[in-house]
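# An overview of the molecular structure
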Amino acid sequence: MCSSWALYLLISFFSCSRLGLVAYRKYSSSGSSYPNIPLTTPLPGVPKPLFATVDTQQGFETKVTTLENGLQVASQNKFGQFCTVGILINSGSRYEAKYIGGISHFLEKLAFSSTAQFGSKDEILLTLEKHGGICDCQASRDTTMYAVSAEVKGLDTVVGLLADVVLQPRLSDEEIEMTRMAVRFELEDLNMRPDPEPLLTEMIHAAAYRDNTVGLNRFCLPEDIEKIDREVLHSYLRNYYTPDRMVLAAVGVEHDRLVDCAKKYLLGTEPVWGSVAVKDVDKSVAQYTGGMLKLEKDMSNVSLGPTPIPELTHIMVGLETCSFLEEDFIPFAVLNMMMGGGGSFSAGGPGKGMFTRLYLNVLNRHHWMYNATSYHHSYEDTGLLCIHASADPRQVREMVEIITREFILMAGAVGEVELERAKTQLQSMLMMNLESRPVIFEDVGRQVLATGTRKLPHELCVLIGKVGTEDIRRVVTKMLHNKPAVAALGDLTELPSYEHIQSALSSKDGRLPRVYRLFR
């Protein structure tokens, strides 16, 4: 075998020699235009390369300018040919108490449709294509964000397009009807998908903040779809799409150039709904109520393919924390990372996140539990720490007791090793996420919209590093004094009563009151 391979190489060599390939390689490798210049010396006539540099912390600095109409312009320079630019607005489902619910959901679907300058969505996309651009709109409970990523050279075009999309949408009857169809489809998809997490998140907010602010439904209800028209949308836009509630944020551009574009397109521009004085701005502060929201649903046939998915009941238990403006926000973020959790199968490879409490104490000890995950939702005036768990409907009571015990154990002893691991993991995730330009853009926009300034990553890392065991105990003790919020989905035959769950979270060991049955 070896002699055959050697013979093959020898024949190949002679064939190449005959064709002149060996000679060509010898000639080209010895250098052609620059035969005598060593590798340590720059080649003459070649332009000097431009490398990315960071001058201490100034390279991370976020610059903010406020225009005469109250609109804030925020930017952070970043090396590269592309930039991310967008307008963030202090609007969302939490401000819809006086309106038909689902307006923000509609506006999200209507974004980047026809405007005063562009006859259709296709025209907008073709304009962005010339600068290698893409666009997106996301509406959350408290913020609506219109964003574009494109070449830096197209900044003027992009800012002009964003101003037109936000302030001059046509909202034609045809577009509104298409949006109604898109909303109906999304609602059907929400109820059919095997992953219930989006639906449970809606339910836990509705239970925790019943009928107010962040507890209002983020999705349009089926019975309200036909009620939303251009007049309803304009009445909402008139109150909430005002310059003093907006931030033009960008990453990867020069600040002065961005300010010039903002003055050109966003200063003195008359919106399509008119510049009538604002009347009904909702300034309500979130009122935490606690409570239980249940949805009996057949989860036995949610599989989208031939492989069946086990029938599961999903439970989410939450307690009020604090807003992201308070000092305790950082200890709560560390606590959430310390709880961690996930599914019973680690999709990220063996050992991913396996040292968090919900893995060590729950998934590793109770094989019948399919999921146990911690979530932390935070807003400018409140926050919510939740644990989502799922298991077979026959073991719901035991699953709820395991969750309540984990909440009580949060106030117990905190090991130095697990605390340091959680802090390091949080710092790592923060820095890794902020490697992405769109993530930096959203961070800049949201912080400036909420506070008018931005805390830099190294400042946040210092705050995370200062969190101690006493901080964790203090915030948990405060959290456990609140009434729980509970959301339940699936077969709820074995679900404990709200009073029993509240009693367990008030006890020393987190156990549910015993229930004695004559017949089972």
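Here's what I pulled together on the structure shown here. Everything quoted here is computed from the prediction, not taken from an experiment.

Looking now at the overall build of the chain. Looking only at helices and strands, one finds 17 helices and 12 strands in the chain. Sorting the 520 residues of the chain into buried and exposed places 47% on the buried side. Excluding contacts between residues fewer than 6 apart, the proportion of contacts in the chain whose partners are at least 24 apart in sequence is 79%. Surface summary for the chain: the accessible area is close to 27200 Å², and the carbon and sulfur share equals 56%.

Taken together, the 6 strands give an open sheet; going across it, the order is β1-β2-β6-β3-β5-β4, and neighbouring strands pair in mixed fashion. Two strands bound the open sheet, and with one partner strand each, they are β1 (63-66) and β4 (134-139). Between one strand axis and the next, the sheet turns through 15° on average, direction left out of account. Where strand β3 (residues 82-89) lies against strand β6 (residues 246-251), 6 bridges are found, and the strand directions are antiparallel. Looking at the pairing, Val85 lines up with Ala250 of β6.

If you walk through the whole model with that rule in mind, you get 3 cavities of 30 Å³ or more. The space that makes up the largest cavity amounts to roughly 120 Å³. Lining of the largest cavity is provided by 16 residues; of these, Leu110, Ala111, Val165, Pro169 and Leu171 occupy positions nearest its centre. For the lining of the largest cavity, the secondary-structure elements that each account for two or more residues are α3 (103-110) and α5 (155-167).

Considering the arrangement of structural elements, one finds Glu401 in helix α12 (residues 396-409). Of the residues examined, Glu401 reaches a relative accessible area of 11% and is grouped as buried. At 3.0 Å, the side chain of Glu401 and the backbone nitrogen of Leu512 are in polar contact. Every residue in contact with Glu401, bar those within four places of it in the chain, is listed here: Gly510, Arg511, Leu512 and Arg514.

Rules used throughout
Residues numbered from 1 in each chain as written. Predicted model: local features only at pLDDT ≥ 70, side-chain atom pairs only at ≥ 80, totals over all residues. Heavy atoms only, no water. Helix = DSSP H or I, 4+ residues; strand = E, 2+ residues; numbered from the N terminus. Buried < 20%, exposed > 50% of the residue type's maximum accessible area, 1.4 Å probe, protein only. Contact = heavy atoms within 4.5 Å. Areas by Shrake-Rupley, 256 points an atom, 1.4 Å probe, with all protein chains shown as cover. Pairing = 2+ DSSP bridges. Axes fitted to C-alpha atoms, helices over the stretch in contact; angles between N-to-C directions. 1 Å grid on protein atoms, 1.4 Å probe; cavity = no way out; pocket = protein on both sides within 12 Å on 5 of 7 lines; lining within 4 Å. Points joined across faces, edges and corners; volume = space filled by probe spheres on them. Polar contact = N/O pair within 3.5 Å; in protein donor to acceptor, adjacent residues only side chain to side chain.

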